[in-house]
Amino acid sequence: MTTDTTSSGPIMGDPGPTGRFGDFGGRYVPEALVPACIELEEAFRGAWADSGFRTELDGILRNYGGRPTPVTVCGRLSDQLGVRVLLKREDLAHTGSHKLNNVVGQGLLARRMGKHKLIAETGAGQHGVATATAAALFGMECTVYMGEIDTRRQELNVFRMELLGATVVPVTSGSRTLKDAVNEAMRSWVASVADTHYCLGSVMGPHPYPWMVREFQRVIGDEAREQCRDLLDGGDPDVVVACAGGGSNAAGIFAGFADDTSSELVAVEAAGGAAVTTGIPGILHGMRSALIQDEEGQILEAESISAGLDYPGIGPEHAHLADLGRARYVAAGDEAVLEAFQLLARTEGILPALESSHALAWVVAASASGELPAGSSVLINLSGRGDKDVAQVRDILRGRA
Ligand SMILES: *Cc1c(COP(=O)(O)O)cnc(C)c1O
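So, here is what we can say about the structure in this document.

Rules behind the numbers
Residues numbered from 1 in each chain as written. Predicted model: local features only at pLDDT ≥ 70, side-chain atom pairs only at ≥ 80, totals over all residues. Heavy atoms only, no water. Near = heavy atom within 4 Å. Polar contact = N/O pair within 3.5 Å; in protein donor to acceptor, adjacent residues only side chain to side chain. Areas by Shrake-Rupley, 256 points an atom, 1.4 Å probe, with all protein chains shown as cover. Nonpolar A, V, L, I, M, F, W, Y, C, P; charged D, E, K, R; others polar. Domains from an automatic or database assignment. Pairing = 2+ DSSP bridges. Helix = DSSP H or I, 4+ residues; strand = E, 2+ residues; numbered from the N terminus. Axes fitted to C-alpha atoms, helices over the stretch in contact; angles between N-to-C directions. Contact = heavy atoms within 4.5 Å.

### Regarding the site of the ligand
The full set close to the ligand counts 18 residues, and K99, Q126, S202, G245 and S248 are the nearest of them. The contact in question runs from an oxygen atom of the ligand to an N or O atom on the backbone of G245, over 2.7 Å. With respect to the ligand, the side chain of S383 contributes an N or O atom lying 2.7 Å from a nitrogen atom. Within the complex, 96% of the 380 Å² of free accessible area of the ligand lies under protein. For the shell around the ligand, the per-class residue count stands at four nonpolar, 12 polar and two charged. When we break the shell around the ligand down by domain, the ones giving at least three residues each are domain 1 (20–60 + 98–209) and domain 2 (67–97 + 218–400).

Right, dumping it as structure tokens:
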């Protein structure tokens, strides 16, 4: 069986039964989880080929989720930077980010599989809130695993999940953060797989998750491609930029452009968690990918101003796109991110999520340095809205005043 997905077929296509993207991906799980992963892969393959499933999903994303999200041409910001800035407005989707696309897809798939319980991991709580939202929508039970430290740091999101009817389980093993919450969710899935679907939050984990989650997020790129053609006289943007934690919003927007445009693709990681530029290949959470780790192979804690980018790795397809040179991986530091957050607020009246502000920060720096030539068109995936970050930004800025 071939594991090479690059020699033929689309760059961001179906990785086949091995789930490998070049040297990355795969399915490194305990034996007890292999049947669950295979069942899920087959169910997803069937659903994705079924126009009835696709139509139902599109309908929910439209009438409940607020899709299609618009592309906004930023006049004042473009004047200031000297490049033409367009924003794909995932901040306007229900619950305020792209995460809804994935959880609605997985919720609908779980229902099709006859499963009536959802479990999920969460770091800052955003994916937990999204999963609890989908569970409420579909009338499913929901349990969210969250590192004990994170439950204290993100009390309001714990309360949000509870309002939505979910149970939040604090995880006390290991470093008591996101990495440990993923481990606990996987352990719980082994024990409950008959009636439970594990709704994983990004393009990571064992096959089929990286592929499936990318396909559920592809709607961002497919819409944006069409919308840009209307706005750019039939052309594609010169550059498409997205922030990357696990990498799902980046994979979703890249998927619309990777194969048949010459748009340059840029993913911006948090400088304190830059898996592609500073990590090394390793195995974690069921996948082989780029991970930040020490010389003994111990996984390091990612550190970033934005809680949503604190994953110590990145999805395997990103490690592969970097190897291929089809996408570029860069990093933005907290200081530049805070500046970008304020810049978009003042020039366009939009408060971006701190995660999304990483993408913006790179565009600001690259237009100043000339790396982005004057007049280039740049599509930024505005993955989420910044309301959730306002108190944190206030505390940082006031602490300095
Ligand atoms: C969770 C989140 C991210 C990071 O997740 P990816 O899988 O890398 O997209 C980015 N932006 C926002 C707004 C988020 O909520």
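### Quick word on the sheet that holds strand β6 (residues 141–147)
Working definition: the strands of a sheet are paired by backbone hydrogen bonds and lie parallel or antiparallel to each other. One open sheet holds the four strands; their spatial order is β7-β6-β5-β8, and the pairing between them is parallel. The strands lining the two open edges of the sheet, one partner per strand, are β7 (167–171) and β8 (196–198). Here the average twist between neighbouring strands, direction ignored, is 25°. Strand direction decides the pairing type here: β6 and β7, joined by five bridges, are parallel. Across the sheet, G147 pairs through a bridge with V171, a residue of β7. Across the sheet, helix α5 (residues 126–138) touches β5 (117–122) and β6, and the angle it forms with β5 is around 165°.

### A few points about the environment of G313
In this fold, G313 is placed in the loop between β12 (287–291) and α12 (316–324). For the pair formed by G313 and N157, sequence separation is 156 residues and the distance between their alpha carbons is 23 Å. Not counting residues within four places of it along the chain, the set of residues in contact with G313 comprises G245, A275, A290 and L291.

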